[in-house]
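Residues per chain, in single letters:
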Amino acid sequence: MKDMPEENLLGDYLRARRELVTPEDIGLPTHGMRRVPGLRREEVAMLAGISSDYYLRLEQGRDRNPSAQVLDALARVLRLDDTATGYLHQLAAPRPRAHRRSHPRPRRRTVPPATAQLLEAIGLPAFVTDRTLDVIAANALATALVPSVRVGGNRLRSFFLDPAEQTLHTDWAHTAARCVAAFRRRLGSDVDDPRVVRLVGELSLASEEFRRVWARHDVRPPGTGPIGMNHPQVGELNLTMSKLDVDGPDGMTLAVYHAEPGTEDAERLALLASLTTGRPVRRPADVPDVSDVREADGSARTS
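Residues numbered from 1 in each chain as written. Predicted model: local features only at pLDDT ≥ 70, side-chain atom pairs only at ≥ 80, totals over all residues. Heavy atoms only, no water.

Q: Could you clarify how one ought to interpret the pairing of strand S1 (residues 126-129) in this entry?
A: Looking along a regular strand, one sees side chains alternate from face to face of the sheet. A two-sided burial pattern is seen for S1, the buried positions comprising Ala-126 and Val-128 on one face and Phe-127 and Thr-129 on the other. Across 4 bridges, the pairing between S1 and strand S5 (residues 253-258) is antiparallel. Residue pairing across strands places Val-128 opposite Leu-254, the latter belonging to S5. Counted between consecutive antiparallel strands, the loop separating S1 from strand S2 (residues 135-138) contains 5 residues, among which Leu-133 sits at a positive phi close to 65 degrees. (Buried < 20%, exposed > 50% of the residue type's maximum accessible area, 1.4 Å probe, protein only. Helix = DSSP H or I, 4+ residues; strand = E, 2+ residues; numbered from the N terminus. Pairing = 2+ DSSP bridges.)

Q: Even after reading the chapter, I still don't get the packing of helix H2 (residues 41-48) against helix H3 (residues 52-60), so can you show me in this structure?
A: When two helices pack together, their arrangement is captured by the angle between the axes and the distance separating the axes. As a packed pair, H2 and H3 sit with axes 8 Å apart at the nearest point and diverge in direction by 115 degrees. Here H2 and H3 pass one another in a crossing that is right-handed. For the pair formed by H2 and H3, the contact residues are Arg-41, Glu-42, Val-44 and Ala-45 on the first element and Ser-52, Tyr-55, Leu-56 and Glu-59 on the second. (Axes fitted to C-alpha atoms, helices over the stretch in contact; angles between N-to-C directions. Left-handed = near helix turned anticlockwise from the far one by under 90°. Contact = heavy atoms within 4.5 Å.)

Q: Would you mind going over the side chain of Thr-85 with me for this structure?
A: You can see Thr-85 is positioned in helix H5 (residues 82-92). Of the residues examined, Thr-85 reaches a relative accessible area of 16% and is grouped as buried. Excluding anything up to four places from it in sequence, Thr-85 contacts Asp-72, Ala-75 and Leu-80.

Q: I tried to follow the packing of aromatic side chains on my own but got confused; where do I start?
A: The description of two aromatic rings rests on the distance between their centres and on the angle between their planes. Scanning the entire structure with this criterion turns up 6 aromatic pairs. Geometrically, the ring pair formed by Phe-160 and Phe-210 is edge-to-face, given 5.3 Å between the ring centres and 80 degrees between the ring planes. Here the residue Phe-160 occupies a position in helix H9 (residues 155-161), and Phe-210 occupies one in helix H13 (residues 208-216), the gap between them amounting to 50 residues. Per residue, the accessibility class of Phe-160 equals that of Phe-210, and both read buried. A centroid spacing of 6.2 Å and a plane angle of 40 degrees characterise the contact between Phe-183 and Trp-214, whose relative ring orientation is tilted. Taken together, the positions of Phe-183 in helix H11 (residues 172-187) and Trp-214 in helix H13 put the pair 31 residues apart, joining distant regions of the chain. Classification of Trp-214 by relative accessible area gives buried; the value is 16%. An aromatic cluster of at least three residues, connected via ring pairs, comprises Phe-160, Trp-172, Phe-183, Phe-210 and Trp-214. The ring of Phe-159 has Arg-155 lying over it, and the distance from NZ or CZ to the ring centre is 5.0 Å. The ring of Trp-214 is capped by Arg-184, whose NZ or CZ atom sits 3.7 Å from the centre of that ring. (Phe/Tyr/Trp six-rings, centres within 6.5 Å; stacked < 30°, edge-to-face > 60°. Lys NZ or Arg CZ within 6 Å of the ring centre and 35° of its normal.)

Q: Explanation requested: the pattern of salt bridges in the structure shown.
A: For side chains bearing opposite charge, pairing can occur when the charged atoms are close. Following the criterion strictly, the structure yields 14 salt bridges and no others. Residue Glu-59 is joined to Arg-15 by a salt bridge in which the shortest nitrogen-to-oxygen separation is 4.0 Å. Taken together, the residues span a long stretch of sequence, with Glu-59 in helix H3 and Arg-15 in helix H1 (residues 9-18) at a distance of 44 residues. Among the ionic pairs, Glu-202 bridges to Arg-157, the shortest N-O distance being 2.9 Å. Note that Glu-202 is positioned in helix H12 (residues 194-206) and Arg-157 in helix H9, a separation of 45 residues in sequence. According to the relative accessible area criterion, Glu-202 is partly exposed, its value standing at 31%. Through salt bridges that share partners, Asp-12, Arg-15, Arg-18, Arg-41 and Glu-59 make up one connected network. (Salt bridge = Lys/Arg side-chain N within 4 Å of Asp/Glu carboxyl O.)

Read these as geometric descriptors, not functional statements.
Laid out in structure tokens, this is it:
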């Protein structure tokens, strides 16, 4: 296994994103057969206003301290959005050497009591993960909605290695890719945690689709876009996932599935809740709005 200081995170990211941008995307003329996918290095350098040699040094990891202006120019050429541009700047920022070496395991893997109480009171499918997407707490409704969401499970493993998870999601490949992109954004340049290394290595060996998605270096905020499911008990659901940071060890995150009030999706989610708890179906308007979570639990804050 490579020692992390030898890795070239910035260069790997530039190369991966360069290969995803075509000359047509940015109005460059093309002539004859091109031997590389996406843009050539010299094309990126020209459009960013830097020398080809300097750009080559960036990709090869021989220069790891580009200016903010250079990074912004590269982001423009590579058609990065605000999230991806921020990630690019993060990769170029040096980290303290001691931090790169040491990743102690968390002393405890339990959620704060107030968060545990919130999981049971919220009336929506909700669960808590750590920074490696291990599930460390979940309410019964979350497990009823997605059976693999249970303590001890891992969301990335479930997406890519569990056929039942793949069948549940109507657009599994897209949803799984979004999960990977949010995971990579959350890690930033801090990918040398042994647990992260083991997880990525395991999934890279076991799943061709994971290898393909991981190699794209996509980053995006968590919980963006609808999540479609075909649930065996209540039928088709189109839900949104909201995520909140939770005070505690190891970067805990509270994830909540919810539906737009007044829709069939909200009614079906309420029906699933009644089937799970045995309580009468609550009207969708009675279900707490996820935006009120911060007021209900002082240990959570918007991510």
